[in-house]
Amino acid sequence: MDDEIQIDSDEDLFRNPVFYEPAGRNLDLDRPDLGVPQGQDLLNVLLRMRGRVPVEKRGLICPDCRDLRGRRVPMYLVQRDGVWRASHYRKPGEKPISHESDEHLARKERVAKDSEDHGFHADIESQTADGHARLDVRINGANGIVLGYEPQLSAQTARGMRARERFRRRGGIQSVWDFADPDHAGIGTVPYVRTPNLPASVIRVQKNPIAVQDGNFVLEEGQCSQNGALTRCPEKPYDPENPTDAGYCGGWHRVLMPAHQSSAFTGEGGLTLTRFIVEAAAGERIPFQRGGHHGWLPAQQWQQYLEANGPALDDKERQPSVRQGDRRDRCTEDRPASEERAEPKQRRGSRAIVLESRPRETEAARVPVDASGRAIPLCRFGCGQPASLPGPEGLPEHFSCRRKHEA
């Protein structure tokens, strides 16, 4: 009875909530009682329905499809690594359930068309080879590079973004996450670009440039001074109340700097999304991870980075485990994550990533000497100045310091 079923990908299973109609509430598949009163035996009851009761009559449905589409979409349970997940009921060959906004669709269509126009084959809604993730746009680049373009217009948790990125990385995909919100939790958490929040009608016109506002970095190094190569000290906290403040420490830094904040940025001829995607597909832009922050570097800058810092990257990821999933994340692309599980919203704007710093080199203190070249000792009364004449006790002192001391 369950033979004609198309199971969701691992990524979709990771995100799906499930509603149990008889109890009138969502089930918590992490708990033995599934989060319902007297629910200890409910899981066994649901499993015994396999092969006996049609999926449509088991009482499990998608709450998102019901609330946002007005449709009753049946669900059933699937086990992954010893953990139960809920999958949408659909027949083999049917497309996955999706509720993408028009802006989301427009971004996918635009990037796919632009990629094709520049000689790179692109597919919309493509599964990874292992079937664990579904790519919004798959772009076959040069020398075996496979890009996955992922516009993300809704709020999500950083934990959820990391998990979705792991699905893609394990499938050999080089992801480009596109955010419109400068405060999005995914900025820096995954390889990203940030573009303006534009209406679908503007995005679909190919002659309209879509500016890359963040995510593209360059390598800079130099003296941290008014006349140095750096525009401001990368170790001085940015003050949003005084954005033009330029502080300098006098030291030396090597940093990965957002291109729009670099000393070479003029504001003219800026990077566009089309150019970025084409260059990434051609291998001319390389993703990096440093200190837990992701971004992109031009290939030439990447070579400079390797020469200065070696091939070892700070790529410490959490152990991949479906148990880290946020089960209350919604099942579709363009909607906010559950407020119950959402992480505190923080400003995640651009910042310089310090690779190396050296403090200001100070000259060795000059020791005063007398006419014969011998060092002149300091005043016994602690004024910090050299005293060439001894006092009654035979120790170096100043007459004025003695008078102050005796007063």
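Read on for an overview of the structure. (Residues numbered from 1 in each chain as written. Predicted model: local features only at pLDDT ≥ 70, side-chain atom pairs only at ≥ 80, totals over all residues. Heavy atoms only, no water.)

Quick look at the nonpolar core
Side chains of a nonpolar character, in soluble globular proteins, are inclined to be buried together. For the record, the criterion: To form a nonpolar core, buried Ala, Val, Leu, Ile, Met, Phe, Trp, Tyr and Cys residues must be joined to one another through side-chain atoms within 4.5 Å. Summary of the burial criterion: residues with accessible area below 20% of their type's maximum are buried, those above 50% are exposed, and those between are partly exposed, where the area comes from a 1.4 Å probe applied to protein chains only. Every helix listed is a DSSP run of H or I at least four residues long, and every strand listed is a run of E at least two residues long, numbered separately from the N terminus. Here a residue-residue contact requires only that any non-hydrogen atoms of the pair lie within 4.5 Å.
Formed by 24 residues in total, the largest nonpolar core has its most connected members in Ile139, Leu147, Tyr149, Val176, Leu273, Phe276 and Ile277. Only helix 4 (102–117), strand 7 (134–140), strand 8 (146–152), helix 6 (200–203) and helix 7 (273–281) provide two or more residues apiece to this core. By residue number, the principal contributor to this core is helix 7, which donates 6 residues. Among all residues touching Ile139, those that are not within four sequence positions of it are Val111, Ser115, Phe120, His121, Ala122, Ile145, Val146, Leu147, Tyr149, Ile277 and Ala281. Among the nonpolar cores identified, the runner-up in size contains 18 residues, and Leu29, Leu34, Leu46 and Leu60 belong to it.

A few points about the packing of aromatic side chains
The cut-off we apply is this: In this analysis, rings of Phe, Tyr and Trp, with Trp reduced to its six-membered ring, are considered paired at centre separations within 6.5 Å, and the interplanar angle assigns stacked below 30 degrees, edge-to-face beyond 60, and tilted for intermediate values. Whether a charge sits over a ring comes down to the Lys NZ or Arg CZ being within 6 Å of the ring centre and within 35 degrees of the ring normal.
Taken as a whole, this structure holds 3 aromatic pairs when the rule is applied. Judged by centre distance (5.4 Å) and plane angle (90 degrees), the rings of Phe217 and Phe288 are edge-to-face. Here the residue Phe217 occupies a position in strand 11 (residues 217–223), and Phe288 occupies one in strand 13 (residues 285–290), the gap between them amounting to 71 residues. Looking at Phe217, the relative accessible area reads 0%, which means it is buried. For Phe288, a relative accessible area of 3% gives the class buried. The ring centre of Phe19 lies 4.4 Å from the NZ or CZ of Arg66, which sits over that ring. The ring of Trp252 carries the charged tip of Arg358 above its face, separated from the ring centre by 3.9 Å.

With respect to the sheet that holds strand 11
We apply this condition: Only when DSSP finds a minimum of two bridges between them are two strands counted as paired. Axes here mean lines fitted to C-alpha atoms, for a helix over just the part in contact, with angles spanning 0 to 180 degrees between N-to-C directions.
With antiparallel pairing, 3 strands are arranged side by side in an open sheet as 11-12-15. A strand with exactly one partner marks an edge of an open sheet, and here the two such strands are strand 11 and strand 15 (353–358). Along the sheet, successive strands turn relative to each other by an average axial angle of 15 degrees, direction set aside. On the sheet, helix 8 (residues 299–309) packs against strand 11, strand 12 (252–258) and strand 15 and is oriented at approximately 50 degrees with respect to strand 11.

Things to note about helix 8
Note the threshold: As used here, the arc is the angular range of directions from the helix axis to the C-beta atoms.
Turning to helix 8, its buried residues number three or more, namely Gln301, Trp302 and Tyr305. Within helix 8, the buried residues cover an arc of 105 degrees as seen down the axis, which keeps them to one side. Of the residues in helix 8, the exposed ones pointing more than 90 degrees away from the buried face are Gln300 and Glu307. On its buried face, helix 8 is in contact with strand 11, strand 12, strand 13, strand 14 (293–298) and strand 15.

Let's talk about the side chain of Glu165
To keep it simple, the criterion reads: Within 3.5 Å is the distance limit for a polar contact, defined as a pair of N or O atoms, with the added protein rule that one can donate a hydrogen and the other accept it, and that residues adjacent in sequence qualify only through two side-chain atoms.
Topologically, Glu165 is positioned in helix 5 (residues 158–170). Judged by its relative accessible area of 4%, Glu165 falls in the buried class. A distance of 2.9 Å separates polar atoms of two side chains, one belonging to Glu165 and the other to Trp177. Among residues more than four places away in sequence, those in contact with Glu165 are Ser175, Trp177, Val190 and Pro191.

As for the pattern of salt bridges
Short version of the rule: Salt bridge criterion: a side-chain nitrogen from Lys or Arg within 4 Å of a carboxyl oxygen from Asp or Glu.
Evaluated as defined, the whole model comprises 21 salt bridges. The residue Glu109 makes a salt bridge to Arg204 at a minimum N-O spacing of 2.9 Å. In this pair, Glu109 sits in helix 4 while Arg204 sits in the loop between helix 6 and strand 11, placing the two residues 95 residues apart along the sequence. Judged by relative accessible area, Glu109 falls into the partly exposed class, the value being 28%. Judged by its relative accessible area of 32%, Arg204 is partly exposed. Among the salt bridges present, the one from Glu356 reaches Arg358, with a minimum N-O distance of 3.4 Å. On the accessibility criterion, Glu356 (28% relative accessible area) is partly exposed. A network of salt bridges, in which partner residues are shared, links Arg380, Glu393, Glu397, Arg402 and Glu406.

No statement about biological role is implied by the geometric values presented.
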